[in-house]
Amino acid sequence: MKEKLNKIFIKHFSINIKKIENSNINNTEKWDSFSHINLILDIEEKFKLKKIKPSKIANLTSYKACYKYIITEQSR
């Protein structure tokens, strides 16, 4: 699961694998509002999640938050 999320983050942000787990919207240069939406769409598709609610999207601003969200949703 982490490997799949890592690939998504690398695709969208061209981030070094060593920095992925600590990446967030404030410390990742290519993470802007447009790339954030594309990240969310890719997570929904690759992890086969229902459409993520806008209130949740606003909180998915770090790798750790995305990972935690995916685990929570997949366990339902």
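Structure shown above.
This structure is a prediction, so every number in the text was calculated from the model and none was measured.

Please give an account of the side chain of Glu-44 that cites residues and values.
Examined against the element boundaries, Glu-44 turns out to sit in helix H2 (residues 33-46). Notably, Glu-44 is buried but unbridged: the nearest opposite-charge side chain belongs to Lys-51, and the N-O separation is 6.7 Å. A polar contact is formed between the side chain of Glu-44 and the backbone nitrogen of Ile-52, at a distance of 2.6 Å. Every residue in contact with Glu-44, bar those within four places of it in the chain, is listed here: Leu-49, Lys-50, Lys-51 and Ile-52.

Tell me about H2, and name the residues and values.
Structurally, the α-helix is built with 3.6 residues per turn, so residues lying three or four positions apart point the same way. For H2, spanning 14 residues, the distance from its first C-alpha to its last is 20 Å, which sits close to the expected 20 Å at 1.5 Å a residue. Along H2, the residues that are buried comprise Ser-35, His-36, Leu-39, Ile-40, Asp-42, Ile-43 and Glu-44. Contacts made by the buried residues of H2 are with helix H1 (2-13), helix H3 (54-57) and helix H4 (63-74). The distance from a side-chain oxygen at the start of H2 to the backbone nitrogen of Phe-34 is 3.2 Å, and the residue carrying that oxygen is Asp-32. Within two residues after H2, Lys-48 carries a phi angle of roughly 55 degrees, on the positive side.

Describe the packing of aromatic side chains, and please don't skip the residues or the numbers.
Overall, the coordinates contain 4 aromatic pairs when judged by the stated rule. Consider the rings of Phe-9 and Tyr-63, whose centres lie 5.1 Å apart with planes at 70 degrees: the pair is edge-to-face. In this pair, Phe-9 sits in helix H1 while Tyr-63 sits in helix H4, placing the two residues 54 residues apart along the sequence. Like Phe-9, the residue Tyr-63 is buried in the burial classification. Centroid distance Phe-13 to Trp-31: 4.7 Å. Interplanar angle 20 degrees. Geometry classified as stacked. Here the residue Phe-13 occupies a position in helix H1, and Trp-31 occupies one in the loop between H1 and H2, the gap between them amounting to 18 residues.

What counts and what doesn't
- Residue positions are counted from 1 within each chain, in the order its sequence is given.
- Only residues with pLDDT of 70 or above have their local features reported here, since the model is predicted, and side-chain atom pairs are shown and tallied only from 80 upward, although totals for entire chains, interfaces and linings are computed over all residues.
- Based on all heavy atoms of the structure, the side-chain values leave hydrogens and waters out of the count.
- In this description a helix means any DSSP run of H or I spanning at least four residues, a strand means any run of E spanning at least two, and both kinds are numbered starting from the N terminus.
- The buried label applies to any residue whose accessible area, calculated with a 1.4 Å probe on protein chains only, is under 20% of its type's maximum; exposed applies above 50%, and partly exposed to all values in between.
- Positive charges come from Lys and Arg alone, negative charges from Asp and Glu alone, with His and the N- and C-terminal ends not counted.
- The salt bridge criterion pairs a side-chain nitrogen of Lys or Arg with a carboxyl oxygen of Asp or Glu, the two atoms within 4 Å.
- The term polar contact refers here to a pair of N or O atoms within 3.5 Å; inside protein, the definition further demands a hydrogen-donor-capable atom paired with an acceptor-capable atom, and it admits residues adjacent in sequence only when both atoms are side-chain atoms.
- Throughout, a contact is declared for two residues whenever any of their heavy atoms are within 4.5 Å.
- Between the first and last residue of a helix there are one fewer steps than residues, each counted as 1.5 Å, and that sum is the expected span.
- Geometry of aromatic contacts follows a simple scheme: Phe, Tyr and Trp rings, the Trp one being its six-membered ring, pair when their centres are within 6.5 Å, and the pair is stacked under 30 degrees between planes, edge-to-face over 60, tilted otherwise.

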